[in-house]
Amino acid sequence: MAKKITVELLTRVEGHGAIEIVEENGKYKAFVKIFEGPRFYEYLVVGQNYINIPRIVSRICGICYVSHRTASARAIEDAFGAKIPPELELLRKLANVGAFFESHGLHIYFLALPDYFGYSSLLEMVKDYPNLVDRGFKVKNLGVEIMKVLTGKNFHGENLIPGGFANLPTKDELKKLKDQLEEIKEDLDETLQLVDSLKHPNLTTPREFQLSIYNPQGWDFYSNQLILVEKDKKTLFTKKEYEIFVHEEPVEYSMAKQSTVKGKPVLVGPLARVNIYKDQFSEETKKLISQMKTKFPSENPFHQNVARAVELIEARSLALDYIDTLLSDYPSKPHIELKPKKGRGFGVVEAPRGTLYHTYEFDENGYCTNSNIITPTAVLQTSMELDAQRLAESYSSLPLEEVKFLAERLIRSYDPCISCSVHMWSLSP
Amino acid sequence: MGKTTNNGSKKPTVGIMYFTSCGGCQCEILTHANLLKKLVDLVEIKYFPMGSSNNTLETDFDIIFIEGSVSTDHDLELLHIARERSKILVAVGTCACFGGVQSSKNAESSLNEMLRYVYGDKIPTVVKALKPKPLKDYVKVDYELPGCPVSGKDFVLAVQYLLNGLDPFLPKMAVCYECKQAQTPCRLQASYMCVGSLSNAGCGAPCTFKGLGCYGCRGDHEDPNYKELVKLFRQKGYSDRDIYNFVKVFRGNYVREKLLPYLDLDIPLPEDEKPKEVN
Ligand code: SF4
Ligand code: SF4
Ligand code: SF4
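These figures come from a predicted structure and were not determined experimentally. (Residues numbered from 1 in each chain as written. Chains lettered and ligands numbered in written order. Predicted model: local features only at pLDDT ≥ 70, side-chain atom pairs only at ≥ 80, totals over all residues. Heavy atoms only, no water.)

1. Describing the overall build of chain B
The following threshold applies: Runs of E in the DSSP output that reach at least two residues are strands. Runs of H or I that reach at least four are helices, and both are numbered from the N terminus. Computation of the radius of gyration draws on C-alpha atoms alone. For the globule rule, the value is 2.2 Å times the number of residues to the power 0.38. Exposed residues in this analysis have more than 50% of their type's maximum accessible area, buried residues have under 20%, and partly exposed residues fall in between, with area computed by a 1.4 Å probe over protein chains only.
For chain B, the count of helices and strands is 11 helices and 7 strands. Relative to the compact-globule value of 19 Å for 279 residues, chain B shows a C-alpha radius of gyration of 20 Å, a close match. By principal-axis analysis of the C-alpha atoms, chain B measures approximately 65 × 55 × 35 Å. Residues counted as buried form 59% of the 279 residues belonging to chain B.

2. Observations regarding the site of ligand 1
Here is the rule: In these notes, residues near a molecule or strand are those with any non-hydrogen atom within 4 Å of it. As defined here, a cavity is a set of points on a 1 Å grid over the protein atoms alone where a 1.4 Å probe fits but cannot get out. A pocket is an open set with protein on both sides within 12 Å along at least five of seven lines, and residues line them when an atom is within 4 Å of a point. Cavities and pockets are treated as containing a molecule whenever more than half of the molecule's atoms lie within 2 Å of their grid points.
Around ligand 1 sit 13 residues in total, of which Cys22, Cys25, Thr94, Cys95 and Cys148 of chain B are the nearest. This site is not confined to one chain, since residues near ligand 1 come from chains A and B. Here ligand 1 is seated within the largest cavity. For the shell around ligand 1, the elements supplying multiple residues, two or more each, are helix 1 (24-30) and helix 4 (93-98) of chain B.

3. Some details on the domain arrangement of chain B
All names here are of chain B. This is how the line gets drawn: Here the bounds of each domain stem from an automatic or database domain assignment. Any pair of residues with heavy atoms lying within 4.5 Å of one another is described as a contacting pair. Once two parts are put together, the accessible area they lose, assessed with a 1.4 Å probe and summed over both, is termed the buried area. Criterion for a salt bridge: a side-chain nitrogen of Lys or Arg within 4 Å of a carboxyl oxygen of Asp or Glu. Identification of polar contacts relies on pairs of N or O atoms within 3.5 Å, with a donor-acceptor requirement for protein atoms, meaning one able to donate a hydrogen and the other able to accept it, and with residues adjacent in sequence counted only if both atoms are side-chain atoms.
Assigned domains of chain B: these are domain 1 (13-163) and domain 2 (175-262). Centre-to-centre, using C-alpha coordinates, domain 1 lies 26 Å away from domain 2. Of the residues lining the interface, 20 residues belong to domain 1; the matching set on domain 2 comes to 14 residues. Interface area, domain 1 with domain 2, both sides summed: about 1,300 Å², of which 48% is carbon and sulfur. When residues of domain 1 are sorted by the area they lose upon contact with domain 2, Phe98, Ser104 and Ala107 head the list and together hold 39% of the total. At the boundary of domain 1 and domain 2, one finds 2 salt bridges. With its nearest N and O atoms 3.2 Å apart, the salt bridge here joins Arg218 to Asp154. Summed over the shared surface of domain 1 and domain 2, the result is 12 residue pairs in polar contact (both at pLDDT 80 or more).

4. With respect to empty space enclosed by the protein
Quick reminder of the rule: Grid points are joined across faces, edges and corners, and a volume is the space filled by probe spheres set on the points. All amino acids are sorted into three groups, where Ala, Val, Leu, Ile, Met, Phe, Trp, Tyr, Cys and Pro are nonpolar, Asp, Glu, Lys and Arg are charged, and the leftover types, Gly among them, are polar.
Taken as a whole and judged by the stated rule, the model has 2 cavities of 30 Å³ or more. Put simply, the largest cavity is a space of about 70 Å³. Those elements giving two or more residues to the lining of the largest cavity turn out to be helix 1 and helix 4 of chain B. With 3 residues, helix 4 of chain B is the single largest residue contributor to the lining of the largest cavity. When the residues that make up the lining of the largest cavity are grouped by side-chain class, the tally is 6 nonpolar, 8 polar and 1 charged. Looking at the second largest cavity, its volume works out to about 40 Å³. If you trace the second largest cavity, you find it lined by Ala112, Asp115, Tyr116, Phe302, Asn305, Arg409, Arg412 and Ser413 of chain A. Secondary structure elements with two or more residues in the lining of the second largest cavity: helix 4 (86-117) and helix 13 (400-413) of chain A. When its residues are assigned to classes, the lining of the second largest cavity shows 3 nonpolar, 2 polar and 3 charged.

5. A short note on the interface of chain A and chain B
Facing the 73 residues of chain A at the interface are 62 residues of chain B. The contact between chain A and chain B buries some 5,700 Å² in all, and 62% of this surface belongs to carbon and sulfur atoms. The largest per-residue losses of area from chain A upon contact with chain B belong to Phe40, Tyr43 and Leu123 of chain A, which jointly make up 12% of the total buried on that side. Remark: the boundary between chain A and chain B carries 2 salt bridges. A salt bridge links Asp41 of chain B to Lys127 of chain A; the nearest nitrogen and oxygen atoms lie 3.1 Å apart. Mapped onto the side of chain A that touches chain B, the elements with two or more residues apiece are strand 3 (27-34), helix 1 (41-45), helix 2 (53-57), helix 4 and helix 5 (130-151) of chain A. If one sorts the elements of the side of chain A that touches chain B by residue count, helix 5 of chain A sits on top with 7 residues.

6. Observations concerning the environment of Gly62 of chain A
Along the chain, the position of Gly62 of chain A falls in the loop between helix 2 and helix 3 (65-79). For Gly62 of chain A and His156 of chain A, which are 94 residues apart along the polypeptide, the C-alpha to C-alpha distance reads 7.0 Å. Discounting residues that sit within four places of it in the chain, Gly62 of chain A has contacts with Phe155 and His156 of chain A together with Cys22 and Gly24 of chain B.

7. A few points about the packing of helix 4 of chain A against helix 11 (residues 304-328) of chain A
Residue and element names in this part refer to chain A. In plain terms, the rule: Here an angle of 0 to 180 degrees is reported between the N-to-C directions of two axes, which are lines fitted to C-alpha atoms, with helices fitted over the stretch in contact. Roughly parallel means an angle under 35 degrees; roughly antiparallel means over 145; roughly perpendicular covers 65 to 115; every other angle is labelled oblique. Helix crossings fall into two classes, left-handed where the near helix is turned counterclockwise from the far one by less than a right angle and right-handed where it is turned clockwise.
Following both chains from N to C, one finds helix 4 and helix 11 inclined at 155 degrees, their axes separated by 9 Å at the closest point. As judged from the angle between their axes, helix 4 and helix 11 are roughly antiparallel. Helix-helix and strand crossings are classified by hand; for helix 4 and helix 11 the assignment is left-handed. Taken together, the residues that form the contact of helix 4 with helix 11 break down as 16 nonpolar, 4 polar and 5 charged.

8. Examining the packing of aromatic side chains
Threshold: Working definition: rings of Phe, Tyr and Trp (its six-membered ring) pair if their centres are within 6.5 Å, and the pair is stacked with planes under 30 degrees apart, edge-to-face with planes over 60 apart, and tilted otherwise.
Scanning all chains against the criterion turns up 19 aromatic pairs over all chains. Aromatic pair Tyr43 of chain A and Tyr117 of chain B: ring centres 4.9 Å apart, planes at 50 degrees, arrangement tilted. One end of the pair, Tyr43 of chain A, is in helix 1; the other, Tyr117 of chain B, is in helix 5 (residues 111-119), on a second chain. For Tyr43 of chain A, a relative accessible area of 12% corresponds to the buried category.

9. Observations regarding the confidence of the model for chain A
Note the threshold: You can read pLDDT as the predictor saying how much it trusts each residue, on a scale of 0 to 100.
The predicted model of chain A averages 92 in pLDDT, with 97% of residues at 70 or higher. Residue range residues 423-429 of chain A is modelled with pLDDT below 50. Its contacts to residues more than four positions away, or to other chains, number 33 contacts.

10. Side note on the site of ligand 3
Ligand 3 sits among Lys153 of chain A together with Val175, Cys203, Ala205, Pro206, Cys207, Cys214, Tyr215, Gly216, Cys217 and Arg218 of chain B. The local environment of ligand 3 is shared, drawing residues from chains A and B. Looking at the shell around ligand 3 residue by residue, the class counts come to 8 nonpolar, 1 polar and 2 charged.

11. Notes on the sheet that holds strand 13 (residues 354-362) of chain A
Residue and element names in this part refer to chain A. As a reminder, the rule being used: Strand pairing follows a simple DSSP-based rule, namely that at least 2 bridges must link the two strands.
Strand order in this open sheet of 3 strands is 12-13-14, and the pairing throughout is antiparallel. A single partner strand is all that each edge strand has here, and the edge strands are strand 12 (343-351) and strand 14 (368-374). Strand-to-strand twist across the sheet, computed as the mean angle between neighbouring axes with direction ignored, equals 10 degrees. Where strand 12 meets strand 13, 9 bridges bridge the pair, whose relative direction is antiparallel. Along strand 13, the bridge assignment pairs Val348 with Tyr357.

Written as structure tokens, this is what we have:
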């Protein structure tokens, strides 16, 4: 008889989605159904002056707005042939550290942990695990604080603009962030120990493809190059070639387009990044990884939760380096002047959930004529479906309810940002 | 209306719902650790899918907070359920209050044009899309907490007031007032585009403080003077196209009636905004 497993509303994820797994003759097929309303972002920016674009695309996602702003600012600068000085790059990366703390902190504590502890929400755990709940808030809210200092507001701060920043943070503000980052070390170490010690469901999904931005120095927030890992083969390509490698197409059952590499799922995000960069992390991070029960590279999607905790350690150590450099070499001006010109630009960043791609075309006065945005969650849909199929196969002897719960946890481990995924694409050639 | 009944020892029931949105307002709410920790003692949160996996709508609610604009038939169905079951309905954030950024082209494009641009001929069928609109276009909304995102301070205040059976009092005045208080030099005078004079204060004017113009993410205050502002922008050398582009970002659902009368732009009424013909 045909089995059907449906989770009608995925909870503790951002946005509206469902998953359905159907069995017929022993074969499973999974569908990640995204029914979040369309938000038409690429359409909204067409006709707009470049100045207004970051503030519009920021609203694709409240959790990773800094990533969207960064990608769009970089794409705009690229189109106009401008390059911001290294000190401003550091400030921009520091803002991205904030996004990682907020997003990964929110995911680990608020979205993922309750499952492992048998609760339905973190707030329900306040009485039994007060310290854990406090730590969750602390890690996440440090991210919010960093973003606020750099962007001007907790969320959707406007200060990150094409060309740099409208205004620089003061040295005192940076020093204060430094103190807070020093102070949070123990909490991050404990977070890593905790997620490493949890019992993660067993599931092995060998990855055909893994993708991340590429920086020869190691794990980073953005770059103009990408790396595609196919078993033992590594291919480097540039941001201009993104759409040659990553192919998008709409499907009936989802408001988000699906992306594949050579017709196959591609893994992006924390697990792909840690798998790719594990040997190039800072000494501190490498040492912690070597003491862990979880081993990388990993093929278990539930280890995405551990990979996030690893990334927080690395992001903190980078942030401290950035601030030290900035304090000794404070930027002389907040931004560079941009001169619009006709052309197309590209911006690729590692958002907390994975590789994020923005591209825009402009006319000679800086008005947008075309755009395309590919978000990590849209890219991850096919990986989620593949994993859900594997999960249903591996656990076919379990009662349906249990498989359903595991499937829900599986999707959650991807931390899908459904609002992002339905921002809507386009770019008519 | 406006009172949460505390029948005996029963705690008030609260829901936090979201429609088509970015999740930013819920993120803002989630930064308020102390409020949330207290709230779990004071109320029963029965519905909060972003934060909890245990949710029900099969109950009466005292207050439901809603983030996001109504953009699908699914959103609309939930909205009607929320209105039916909750004594108090609060729109949280600019998406819920005015439609948000996703409606910034509502005055110039029909839903069909937007869908076609995005999906071509392959429009997904999983849900029926609607033109992004605020909650109040469909049901009665008791309170509105604007902002993109909502101001955490407003939210905390509203919760406290509502739980005590009081009307939340949110003064409506121009963002300019907050610039004056903070002694921030006026951006408009420095020739930046700024719609702070139209916009509802309460955010503390963080954008003008950083040296940018306010783009009015909190919607209009009670008596906005569009005509005067258009005159000023023109004096500063901005084209009507630029004025429209700037203002529509957060005002897509009402630029046509409020702004376009003062601009020399010919923007045809989209097909789905035309009054339906009655035979
Ligand atoms: S009002 Fe702004 S922050 Fe809130 S959900 Fe809408 S876009 Fe996001
Ligand atoms: S900067 Fe804008 S909001 Fe502030 S006083 Fe000037 S016009 Fe008003
Ligand atoms: S200053 Fe203007 S744009 Fe900035 S938060 Fe306040 S209302 Fe929104």
